[in-house]
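Listed below are the residues making up each chain.
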Amino acid sequence: MPPVAARLHTVESFTREFLRELNFGQGVDLDRASDNDKYLALARTVRHYLMTRWLEMLRNQYRDQAKTVAYLSAEFLLGPQLENNLLASDLEEIAADALAHLGINIEELRGVEVEPGLGNGGLGRLAACFIDSLATMNVPTVGYGIRYEYGIFRQTFVDGRQVEQPDNWLRLGSPWELPHPENAVEVSFAGHTEPVADGPDGARRWVPGWKVNGIPYNYLVPGYRNGRVNTLRLWSAEATHAFDLQIFNAGDYAEAVRAQTFAENISKVLYPEDSTPQGKELRLQQQYFFVACSLRDLFQNVLPPDFDLTKLPDRIIYQLNDTHPVIAVPEFMRLLVDEFGWEWKAAWSVTRKCFAYTCHTLLPEALEVWPVELLGRLLPRHLEIIDRINQEFLAQVRAAFPGDEARVQRMSIIAEGQHRAVRMAHLATVAGFKVNGVAALHSELLADKVLADFAEMWPEKFTNVTNGVTPRRFVRLANPGLSGLITEAIGDGWVTDLERLRELEPLANDAEFRRRFREVKLANKQRFAQVLAARDGIEIAGDAMVDAMVKRLHEYKRQSLKLLHIVSLYEGIRSGRLPLESVTARTFVFGAKAAPGYFMAKETIALINAVGSTINADASLKGRLKVAFPANYNVTLAETLIPAADLSEQISLAGKEASGTGNMKFALNGALTIGTDDGANVEIRELVGDDNFFLFGLTEPEASALEAQGYHPSEYYRSDEELRGALDLIASGAFSAGDAGVFAPVVSNLLHSDRFMALADFRSYMDAQARVEAAYANQDAWSRAAVLNVARTGFFSSDRSIQDYLDRIWRVAPIEQNE
């Protein structure tokens, strides 16, 4: 049966609805409409096509009360919505033809859209992939997060250094959101608690110091051509009493709106800089605000009044996407005990069946902790609940491991000492019925090292769900040339069953298929070059190797190691050690933001740009090397870069990257990986084969052993001439107008600290890059390896990830859709 849109809608009806929206929604006629008017009218027309099914889903869900996944995440990095919603609703051709009849090029309107500033990196992109897959797989789901007024920041470069500008992504309106102020939720903060006379065990009365309202904004999340439309519900903070007229009339205009300004700060900016006490407090306010709204939404707007709350585990599963939403655990307990009058024991029993926790890190500093002083001041009732959970939990630990007080201290939810703090990962692990890592190696290290005591006590809690990416956005939309080639070869079923890419494997030995594959890659490179020129004014060759490293700037991801490779090549050419003609023509592409308060990351960005400026201006290189670092890398640019890439740089120190998803996107689009055995790289290498992956570097056990015996990076500097030449060139001021002091902090950090062992892995990395050069020289063999990467990485679909969650954790049944 054809999709809903194809059966019910035509070019003529779409044209009529578009013009009606333009006239009566935007208040303009076609002749006077701006591109933004046309974009908004188009977006709302597409939204109309989704609304009928969405409303039907809501009615059915309320009637049936089927078990639902509530995905709690501080980030949802959605990317452009227009193209995705056109694809999902099968309206691509209808919309393009309708607009063409009106003399409008739909591609020009795509360029008007501003990406929602609702995420920063892999965590938010993963959440967006997951809600796409959940809808495509007909799983009842609500994603919950924050409607940030401003994204994390818009990155600009001034003299090569990162400067943060406000990301005002809502300035021209967002046609995809549906505000529902009538469903506002009240959220309390601060104050004190009191005993409750004749209350149930554990109950206290919270007398808050101040409150805000949470206003829900709904985004529609369509499945791929299956008629299902789920919901992403984002919360915006407003004051309960926004405006004091008497104060205003007295002339104190700023004070009259102070409450509104204070409240709106909560949802103002994604990840406010938290190096100050005020910033830390605002982050905790954000986290509690969105989970309090989301949990209250269940009781206030989702469940029928007569619902038996003892059945909650059969109705809802809250997935905690990292530690940001973990404060939901004591909030859930507070609701059950203080507001619904449950006994503590019964409430805890239900709570432990409703939450599961995904850990996304192996870095101890990334496992959130909150000072007891701050948490007690901002959320006094929640600290009391956490304290009781901890007391009862530690009694279990002592019973299971008598006499082992060192273990008790390690496992305690509250870290004792001069500065007492609540360990949110410990709270999530105690409360959740499942804890999962996000790649096979990560899950192993999570159980063996990061949460080892918990895994020993509750081995059945721990499992793995390797991350995945949605093939709809990152292959079908991002790479139409490759998508067409795949569909021509094996049909279009791969879009929802990515393991079918295995059917391409025999075609890796087909010379004609390889030739056409190379043509697609070349066209993608040329498209990327055009986009860079128009977007950033960066000129690159359309036929050089595209060597890409795009990920947030952090020392463990080792952009510094990539930079040392580039500087070493440059130094070798300058010194005559490397004949120019022996070096493969490459464009090195970086995309990375540094956290505003992360000094070394920002210095590394400045150094990358300085090296790039020097190399790009050196005429003696004859364009053989080029460094491109476009500012403000985002999903839109990723959809152009990833299909163009030849080489994917996944070079974190083994044992530090949880999974990665960029590595999956690049491999699925035919880039070969140079990488360590870290995160999901391990599974990529195992699937594509060692011959089609450039492995280098220490293994996780080797890195751990080196750290234990004492790592001295200067020894590698002294013993490796190429490494010494690269670092000396940076230290000489060659990339800073002769001023040797400009990048001294970066050089000193590598020589005397190098926490993530870039110098230890340098020689192995350079040897692997030599293998890359040799392999790339044989383009036919390279394209065979690239085809095999595509064919063998269907495992990394987010659809497969979601199926693993359904099977191993959630136990939620998909809902059959009727056309």
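Student: It is not clear to me how the nonpolar core should be interpreted in this structure. Could you clarify?
Tutor: A general tendency of soluble globular proteins is for nonpolar side chains to be buried together. Judged by nonpolar contacts, the single largest core of 147 residues is most densely connected at L42, F189, F289, L312, F332 and W810. Per-element tally for this core: the top contributor is helix α11 (residues 277-302), with 12 residues. The contacts of L42, once residues within four sequence positions are left out, are F14, F18, L82, A95, L99, I106 and L109. Membership of the second largest hydrophobic core comes to 123 residues, among which are Y598, F629, F756 and Y776.

Student: I tried to follow the pattern of salt bridges on my own but got confused; where do I start?
Tutor: When the charged atoms of two side chains lie near each other, side chains of opposite charge can form a pair. One pass over the structure, following the stated rule, counts 62 salt bridges. A salt bridge links K211 to E186; its shortest N-O distance comes to 3.2 Å. One end of the pair, K211, is in strand β9 (residues 210-222); the other, E186, is in strand β6 (residues 185-189), with 25 residues separating them in the sequence. Exposure remark for K211: the relative accessible area of 35% places this residue in the partly exposed category. In this structure E186 comes out as partly exposed when scored by relative accessible area, which is 46%. Among the ionic contacts, a cluster of salt bridges with common partners joins E571, R577, D720, E722, R763 and D767.

Student: Please clarify how helix α3 (residues 35-64) should be interpreted in this entry.
Tutor: Owing to its 3.6 residues per turn, the α-helix aligns residues three or four sequence positions apart on the same side. If you check α3, its first and last C-alpha atoms are 43 Å apart, about what 30 residues at 1.5 Å a residue would give, namely 44 Å. Along α3, the sharpest kink reaches roughly 35°, centred on L50. Positioned one or two residues after α3, Q65 has a phi angle of 50°, which is positive.

Student: What should I look at first to understand the packing of aromatic side chains in this one?
Tutor: Where two aromatic rings form a pair, the distance of their centres and the angle of their planes describe that pair. The final tally for this structure, using the stated rule, is 24 aromatic pairs. With 5.3 Å between their ring centres and 20° between their planes, Y318 and F355 make a pair best called stacked. One end of the pair, Y318, is in strand β11 (residues 316-321); the other, F355, is in strand β12 (residues 355-358), with 37 residues separating them in the sequence. Judged on exposure class, the residue Y318 and its partner F355 are both buried. Among the aromatic side chains, those forming a connected cluster through ring pairs are F189, W206, W210, F262 and Y288. For R407, the ring lying beneath its charged end belongs to F401, and the centroid distance is 3.9 Å. Stacked on the ring of F474, the Lys or Arg K665 has its end atom at 4.4 Å from the ring centre.

Student: For this particular structure, what's the right way to read the confidence of the model for the chain?
Tutor: In low-pLDDT regions, the fine details of the predicted coordinates are not to be read closely. Summing up the model confidence of the chain, the mean pLDDT is 95 and the portion of residues at 70 or higher is 97%. In the predicted structure, residues 1-8 sits below a pLDDT of 50 and forms 14 contacts with residues beyond four places in sequence or in another chain.

Student: Which parts of the structure should I look at to understand the sheet that holds strand β14 (residues 414-415)?
Tutor: Strands belonging to one sheet form pairs held by backbone hydrogen bonds; the direction of such a pair is parallel or antiparallel. Spatial strand order, β13-β15-β14: 3 strands in an open sheet with antiparallel pairing. Strands at the two margins of the open sheet, each flanked by one partner only, are β13 (369-371) and β14. This element, helix α17 (residues 424-431), spans β13 and β15 (421-423) of the sheet and lies at about 45° to β15.

Student: So what exactly am I meant to see when it comes to the pairing of strand β21 (residues 647-650) here?
Tutor: On a regular strand, one side chain projects to one face of the sheet and the next to the other, so that they alternate. By the alternation rule, side chains of β21 split into L647 and E649 and S648 and Q650, which are all buried. Both strand β18 (residues 545-550) and β21 contribute to a ladder of 2 bridges, which runs parallel. Bridge pairing in β21 links A548 to S648. Bridging between β21 and strand β22 (residues 672-675) involves 4 bridges; their strand directions are parallel. By the bridge assignment for β22, Q650 is matched with G675.

Student: Looking at this structure, I do not really get unusual backbone geometry. What am I missing?
Tutor: Trans is the prevailing form of peptide bonds, just as negative phi is the prevailing case for residues other than glycine. The phi dihedral of A190 falls on the positive side, at around 60°, and the residue is not glycine. Counting through the fold element by element, A190 comes out in the loop between β6 and β7 (192-195). Non-glycine residue N632 carries a positive phi angle of around 55°. Topologically, N632 is positioned in the loop between β20 (625-628) and α25 (635-644). According to the relative accessible area criterion, N632 is buried, its value standing at 18%.

Student: Even after reading the chapter, I still don't get the pairing of β20, so can you show me in this structure?
Tutor: Both strand β19 (residues 586-591) and β20 contribute to a ladder of 4 bridges, which runs parallel. What sits directly across from T587, in β20, is K626. Of the crossover connections in this fold, the one passing from β19 over helix α24 (residues 599-617) to the parallel β20 is right-handed.

Student: Where do I start with the sheet that holds β22 in this structure?
Tutor: Judged by pairing direction, the sheet is parallel, and its 6 strands sit side by side in the order β20-β19-β18-β21-β22-β23 without closing on themselves. Both outer strands of the open sheet, β20 and β23 (693-695), are each paired with one neighbouring strand and no more. In this sheet, adjacent strand axes meet at a mean angle of 20° when their direction is disregarded. Along the sheet face, helix α32 (residues 758-776) touches β18, β19, β21, β22 and β23 and points at about 160° away from the line of β23.

Student: So what exactly am I meant to see when it comes to the packing of α11 against helix α12 (residues 328-339) here?
Tutor: For any two helices packed against each other, one specifies the inter-axial angle together with the distance between the axes. Two elements in contact, α11 and α12, have axes separated by 9 Å at closest approach and are oriented at 45°. Put simply, α11 runs oblique to α12. Relative to α12, the crossing made by α11 is right-handed. On α12, the residues that touch Y288, V291, A292, L295, R296 and F299 of α11 are A328, E331, F332, R334, L335 and E339.

Student: Please clarify how the state of the cysteines should be interpreted in this entry.
Tutor: Two cysteines, two sulfur atoms, one covalent bond between them: this is a disulfide. Under the criterion given, the structure shown has 0 disulfides. We note that C293 lacks a disulfide partner, and the nearest cysteine sulfur, in C354, lies 19 Å from it. A relative accessible area of 0% means that C354 is categorised as buried.

Conventions adopted
- Residues numbered from 1 in each chain as written.
- Predicted model: local features only at pLDDT ≥ 70, side-chain atom pairs only at ≥ 80, totals over all residues.
- Heavy atoms only, no water.
- Core = buried A, V, L, I, M, F, W, Y, C linked by side-chain atoms within 4.5 Å.
- Buried < 20%, exposed > 50% of the residue type's maximum accessible area, 1.4 Å probe, protein only.
- Helix = DSSP H or I, 4+ residues; strand = E, 2+ residues; numbered from the N terminus.
- Contact = heavy atoms within 4.5 Å.
- Salt bridge = Lys/Arg side-chain N within 4 Å of Asp/Glu carboxyl O.
- Expected span 1.5 Å × (residues − 1).
- Bend = angle between axes of the 7 residues up to and from the residue.
- Phe/Tyr/Trp six-rings, centres within 6.5 Å; stacked < 30°, edge-to-face > 60°.
- Lys NZ or Arg CZ within 6 Å of the ring centre and 35° of its normal.
- pLDDT = per-residue confidence, 0-100.
- Pairing = 2+ DSSP bridges.
- Axes fitted to C-alpha atoms, helices over the stretch in contact; angles between N-to-C directions.
- Right-handed = clockwise from strand over helix to strand, strands pointing away.
- Parallel < 35°, antiparallel > 145°, perpendicular 65-115°, else oblique.
- Left-handed = near helix turned anticlockwise from the far one by under 90°.
- Disulfide = S-S within 2.5 Å.

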